[in-house]
Amino acid sequence: MNVANIARRLVAGELHYALGRFESVRRGYSALRRLSPRSRQRAPAGPPIALPPLPATLFAGQTVERALADLRRDSIAFGFDLPRSMVVEMVEFATHSPLQRRLRDDRVFHRHTVRNGRLEDGSPAVMGIVPDPLDCPAVRRVCRDPLLMECAGRFLGFPATKIIPRLFWSFVTDATDDERRHLGQTIDWHFDVHDFHFCSAQFYLTDVGPGAGEHALVRGSHHGKPLRMLMGSANVRDEQLFTHFARDRALVVEGPAGTGFLEDTSCYHRATPPVSRERLMLQLWLS
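Keep in mind the model is a prediction, meaning the values are calculated, not measured.

## Regarding the overall build of the protein chain
Right, on to step 1. The helix and strand inventory of the protein chain stands at 10 helices and 11 strands.
Right, on to step 2. Looking at the 287 residues of the protein chain, the share that counts as buried comes to 51%.
Right, on to step 3. Intrachain contacts of the protein chain at a sequence separation of at least 6 include 84% that bridge at least 24 residues.
Right, on to step 4. Of the roughly 13,300 Å² of accessible surface on the protein chain, a fraction of 55% belongs to carbon and sulfur atoms.

## Some remarks on helix H7 (residues 146–156)
Right, on to step 1. Along H7, 8 of the 11 residues are buried, which leaves the element largely enclosed by surrounding structure.
Right, on to step 2. Turning to H7, its buried residues are Leu147, Leu148, Met149, Cys151, Ala152, Gly153, Phe155 and Leu156.
Right, on to step 3. The residue sitting at the N-terminus of H7 and contributing the capping side-chain oxygen is Asp145; that oxygen lies 3.1 Å from the backbone nitrogen of Leu147.
Right, on to step 4. Once H7 finishes, Gly157 follows within two positions and takes phi at roughly 95 degrees, a positive value.

## Points about the sheet that holds strand E11 (residues 279–286)
Right, on to step 1. The strand order E1-E9-E5-E11-E3-E2 describes an open sheet built from 6 strands, whose pairing is antiparallel. Of all strands in the sheet, those bounded by a partner on one side alone are strand E1 (76–78) and strand E2 (127–130). Between one strand and the next, the sheet's axes are offset by a mean angle of 25 degrees, whatever the strand orientation.
Right, on to step 2. With 6 bridges joining them, strand E5 (residues 199–204) and E11 adopt antiparallel strand pairing.

## Some words on the environment of Arg237
Right, on to step 1. Mapping Arg237 onto the fold places it in the loop between strand E7 (235–236) and helix H10 (238–244).
Right, on to step 2. Considered as a pair, Arg237 and His190 are 47 residues apart in the sequence and their alpha carbons are 8.8 Å apart.

## Comments concerning the pattern of salt bridges
Right, on to step 1. Scanning the model with the defined rule gives 12 salt bridges in all.
Right, on to step 2. Between Asp188 and Arg181 there is a salt bridge, and its shortest N-O distance comes to 2.6 Å.
Right, on to step 3. Residue Asp188 is classed as partly exposed on the basis of its relative accessible area, which comes to 23%.
Right, on to step 4. A residue is classified by how much of its surface remains accessible, and Arg181, at 37% relative accessible area, is partly exposed.
Right, on to step 5. For Glu239, the salt bridge is made with Arg237, and the minimal N-O distance between the two is 3.0 Å.
Right, on to step 6. By sharing partners, the salt bridges in this structure join Asp70, Arg73 and Asp74 into a single network.

## As for the side chain of His222
Right, on to step 1. Mapped onto the fold, His222 is located in the loop between strand E6 (215–218) and helix H9 (227–231).
Right, on to step 2. Using a relative accessible area of 6% as the deciding quantity, one classes His222 as buried.
Right, on to step 3. Beyond its immediate sequence surroundings of up to four residues, His222 is in contact with Glu23, Arg26, Leu71, Arg72, Arg73, Ser75, Asp264, Ser266 and Cys267.

## Remarks on the environment of Ala125
Right, on to step 1. Tracing the backbone shows Ala125 in the loop between helix H5 (84–96) and E2.
Right, on to step 2. Ala125 sits in the buried class, given a relative accessible area of 0%.
Right, on to step 3. Between the C-alpha atoms of Ala125 and Thr173, which are 48 residues apart in sequence, the distance is 6.9 Å.
Right, on to step 4. In this view, Ala125 contacts Val114, Gly117, Arg118, Leu119, Phe171 and Thr173; residues no more than four positions away in its chain are not counted.

## Notes on the packing of aromatic side chains
Right, on to step 1. Evaluation of the coordinates by the stated rule reveals 9 aromatic pairs.
Right, on to step 2. Summarising the aromatic geometry, the rings of Phe59 and Phe80 are spaced 5.4 Å apart at their centres and angled 75 degrees between planes, so their arrangement reads as edge-to-face. On the criterion of sequence distance, the pair formed by Phe59 in the loop between helix H3 (23–35) and helix H4 (64–74) and Phe80 in the loop between E1 and H5 is long-range, its members being 21 residues apart.
Right, on to step 3. Relative accessible area serves as the criterion here: at 2%, Phe59 is assigned to the buried category.
Right, on to step 4. We classify Phe80 as buried; its relative accessible area is 0%.
Right, on to step 5. Geometry around Phe191 places Lys225 over its ring, the cationic atom sitting 4.9 Å from the centre.
Right, on to step 6. The ring centre of Tyr268 lies 5.7 Å from the NZ or CZ of Lys225, which sits over that ring.

## A few points about the environment of Glu263
Right, on to step 1. Counting through the fold element by element, Glu263 comes out in strand E9 (residues 260–263).
Right, on to step 2. Residues Glu263 and Ser200, spaced 63 residues apart in sequence, show a C-alpha to C-alpha distance of 5.2 Å.
Right, on to step 3. Setting aside residues up to four positions removed in sequence, Glu263 forms contacts with Leu71, Ser75, Ile76, Cys199, Ser200, Gln202, His215, Leu217 and His269.
Right, on to step 4. Engagement of the side chain of Glu263 in a polar contact is seen with the side chain of Gln202, the distance being 2.8 Å.

What counts, and at which threshold
Residues numbered from 1 in each chain as written. Predicted model: local features only at pLDDT ≥ 70, side-chain atom pairs only at ≥ 80, totals over all residues. Heavy atoms only, no water. Helix = DSSP H or I, 4+ residues; strand = E, 2+ residues; numbered from the N terminus. Buried < 20%, exposed > 50% of the residue type's maximum accessible area, 1.4 Å probe, protein only. Contact = heavy atoms within 4.5 Å. Areas by Shrake-Rupley, 256 points an atom, 1.4 Å probe, with all protein chains shown as cover. Polar contact = N/O pair within 3.5 Å; in protein donor to acceptor, adjacent residues only side chain to side chain. Pairing = 2+ DSSP bridges. Axes fitted to C-alpha atoms, helices over the stretch in contact; angles between N-to-C directions. Salt bridge = Lys/Arg side-chain N within 4 Å of Asp/Glu carboxyl O. Phe/Tyr/Trp six-rings, centres within 6.5 Å; stacked < 30°, edge-to-face > 60°. Lys NZ or Arg CZ within 6 Å of the ring centre and 35° of its normal.

Have a look at this one:
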């Protein structure tokens, strides 16, 4: 049980952290938003993006119905792959952008200064986060995609009004697991609770195969969590997780640069630390 952490977040005004973990609350919140779109509006956890959708989608091969069926069954829906030109644009932008080890970190560095997973002073470089991803036109284009926004809105039960983009490198480094956790790399199985209802769109911008920072999740674990998991820490150890969920439900996501997927991140998921090549990812938090 992690009641102390939940209590601390409640004192900080993060009511969603205590309640958004419950599937019944997420469904009830969706119903409330449908009935009264202006009700219970909270200040966003990051900058809202007030951009209208574009008339044409990047994902012409996908349909809302198929994406929703996959998402509700397996916690993940594929079929949101980016065109090569946009991948190249975002890689170029992230390659030359200043980076931070964590958001709002005072220390700024560039990708070319990372050597063997270390900064010039010898400290570990686990991630390199682009502080202003919306400065990249291709990122703004993804945030405005009409099909992606329709899928997210149909899943949430209301139009996504908070779209928080994250563009970040994951480096090959010999950092310890504790150093990774301290610097915000989510290497442990966990579920997200960043709003009362939410989902995430994720896009590989580099080729991701074995050893290249694969995303992993437990399919269908967005529902069916026992009370001890819901009331405890959002993080869980392997043996605890696979005592309740069958191990064959674990999915490791690999794919070439541009591979994209929509995920219900109330499922258990984790980041696999890169060991052979660095990874660049675009992630959108939608709520």
